[in-house]
Amino acid sequence: QVQLVESGGGLVQAGGSLRLSCAASGRTFSRYAMGWFRQAPGKEREFVAVVNRSGDSTYYAESVKGRFTASGDNAKNTVYLQMNSLKPEDTAVYYCAASSSLGPITPGAYEYWGQGTQVTVSS
């Protein structure tokens, strides 16, 4: 079992920044791809970003490219999502997740999920 705990959410103004963290139990890197998803009220959970199992590549949803950066710290068993130039449409609960699949971008490909952290962006 893998346990994931997100933190770093909060309320920010449009154009501001937040850095989300996801702490994983045990040693997760090199075994799982670590993904970020978000879900707003009335909308389906959507892919945001993923760091591959070796931690040497990242992929992003078109809606966040150029604004968000996903990264990992192997020593801390922690992944991050740096969010810049935030927009009101970024408001959602953000989840981190772990997947043993290759190139996972759908929620069904992830076996483990954190509880989520709320991000609210005011206009």
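Residues numbered from 1 in each chain as written. Predicted model: local features only at pLDDT ≥ 70, side-chain atom pairs only at ≥ 80, totals over all residues. Heavy atoms only, no water.

Draft legend 1. Expanded view of unusual backbone geometry. The backbone phi angle of Asn-77 is positive, close to 50 degrees, even though this residue is not glycine. Inspection of the secondary structure puts Asn-77 in the loop between strand S7 (68-73) and strand S8 (78-83). You will see that Ser-85, though not glycine, has its phi angle at about 50 degrees, which is positive. When you line up the elements, Ser-85 lands in the loop between S8 and strand S9 (92-99). Given the relative accessible area of 41%, Ser-85 is considered partly exposed. (Helix = DSSP H or I, 4+ residues; strand = E, 2+ residues; numbered from the N terminus. Buried < 20%, exposed > 50% of the residue type's maximum accessible area, 1.4 Å probe, protein only.)

Draft legend 2. Molecular detail of the nonpolar core. Ranked by internal contacts, the top residues of the largest apolar core, which has 37 residues, are Leu-4, Trp-36, Val-48, Phe-68, Leu-81, Met-83 and Tyr-94. For this core, the secondary-structure elements that each account for two or more residues are strand S3 (18-24), strand S4 (33-39), strand S5 (46-51), S7, S8, S9 and strand S11 (117-122). The contact partners of Phe-68, leaving out residues within four places of it in the chain, are Arg-38, Val-48, Tyr-60, Leu-81, Gln-82, Met-83, Asn-84, Leu-86, Asp-90 and Tyr-94. (Core = buried A, V, L, I, M, F, W, Y, C linked by side-chain atoms within 4.5 Å. Contact = heavy atoms within 4.5 Å.)

Draft legend 3. Looking closely at the pattern of salt bridges. What the rule picks out here adds up to four salt bridges. One network of salt bridges, with partners in common, ties together Arg-38, Glu-46, Arg-67 and Asp-90. (Salt bridge = Lys/Arg side-chain N within 4 Å of Asp/Glu carboxyl O.)

Draft legend 4. Summary view of the side chain of Thr-78. Within the element layout of this structure, Thr-78 appears in strand S8. Among the polar contacts listed, one links the side chain of Thr-78 to the backbone oxygen of Lys-76, at a separation of 2.8 Å. (Polar contact = N/O pair within 3.5 Å; in protein donor to acceptor, adjacent residues only side chain to side chain.)

Draft legend 5. Looking closely at the packing of aromatic side chains. On inspection of all chains with the given rule, the structure shows six aromatic pairs. Relative to Tyr-110, the ring of Phe-37 has its centre 5.0 Å away and its plane inclined at 80 degrees; by these criteria the two rings are edge-to-face. Taken together, the residues span a long stretch of sequence, with Phe-37 in strand S4 and Tyr-110 in the loop between S9 and strand S10 (112-113) at a distance of 73 residues. Exposure class is identical for Phe-37 and Tyr-110. Each is buried. With centroids separated by 5.9 Å and ring planes inclined at 55 degrees, the aromatic side chains of Tyr-110 and Trp-113 adopt a geometry described as tilted. The structure contains a cluster of three or more aromatic residues connected by ring pairs, namely Phe-37, Phe-47, Tyr-95, Tyr-110 and Trp-113. Across the ring face of Tyr-80, the terminal group of Arg-19 is positioned such that the distance to the ring centre comes to 3.9 Å. The cationic tip of Arg-45 hangs over the ring face of Tyr-95; the distance from NZ or CZ to the ring centre is 3.9 Å. (Phe/Tyr/Trp six-rings, centres within 6.5 Å; stacked < 30°, edge-to-face > 60°. Lys NZ or Arg CZ within 6 Å of the ring centre and 35° of its normal.)

Draft legend 6. Structural detail: the state of the cysteines. Applying the stated criterion to the full structure yields one disulfide. Put simply, Cys-22 and Cys-96 are joined by a disulfide, and their sulfur atoms are 2.0 Å apart. A torsion of 60 degrees about the S-S bond marks the disulfide between Cys-22 and Cys-96 as right-handed. One end of the pair, Cys-22, is in strand S3; the other, Cys-96, is in strand S9, with 74 residues separating them in the sequence. (Disulfide = S-S within 2.5 Å.)

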